[in-house]
Amino acid sequence: YGPMTTTFVRCAARREDPAWACFSLLFMGRTLDLACVGDTQVRAWFHGLQRLITRVGLSPAMPLVSDATFITQKARWKLTDDAHAAGKTVRVHLIRSLKVMHSDAALQQ
């Protein structure tokens with residue numbers, strides 16, 4: 001899950017799709033790189049194709065990604081995208097966001 005194949009990495013500068021909307025199917029030394037529009041679509045396509053591939057038995061050794069793991073990875077990609085859009089590292093972006101949230105909460109009290 002995410003734009004991790006060599007094709008996605010090579011085309012990173014031209015890719016218009018957010019990282020959290022990208023995933024790849026790996027088979028026989030090839031990849032099929034896909035990008036979806038919106039949270040609902042990427043989740044449905046990812047889990048649907050995962051179930052189809054395991055049901056048909058194309059890749060019996062393929063590790064299944066749970067919904068909780070998928071949501072965690074998607075949140076991580078979204079944080080990374082937000083941080084890079086702001087020109088910051090994920091760590092700096094999170095710290096600054098938490099400081100803003102803390103000061104906003106203090107103002108409301």
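Here the structure is shown first, and the text comes after it.
Let me sum up the structure you'll find in this document. All of these numbers come straight from a predicted model, not from anything done at the bench.

**Some points on the side chain of H93**
Line of reasoning, step 1. Relative to the helices and strands, H93 is located in helix 4 (residues 90–108).
Line of reasoning, step 2. The exposure class of H93 is buried, given its relative accessible area of 17%.
Line of reasoning, step 3. Ignoring any residue separated from it by four or fewer positions in sequence, one finds H93 in contact with L79, D82, A83, A86 and K88.

**A short note on the nonpolar core**
Line of reasoning, step 1. Counting residues in each nonpolar core, the largest one holds 11 residues, listed as Y1, W20, A21, F23, L25, C36, V42, F46, L49, I53 and F70.
Line of reasoning, step 2. Where this core is concerned, the elements lending two or more residues are strand 1 (22–27) and helix 2 (39–56).
Line of reasoning, step 3. For this core, the element with the most residues is helix 2, which contributes 4 residues.
Line of reasoning, step 4. Discounting chain neighbours no more than four positions away, the residues touching Y1 are W20, C22, F23, V42, F46, F70, Q73, K74 and W77.

About the criteria used
Residues numbered from 1 in each chain as written. Predicted model: local features only at pLDDT ≥ 70, side-chain atom pairs only at ≥ 80, totals over all residues. Heavy atoms only, no water. Helix = DSSP H or I, 4+ residues; strand = E, 2+ residues; numbered from the N terminus. Buried < 20%, exposed > 50% of the residue type's maximum accessible area, 1.4 Å probe, protein only. Contact = heavy atoms within 4.5 Å. Core = buried A, V, L, I, M, F, W, Y, C linked by side-chain atoms within 4.5 Å.

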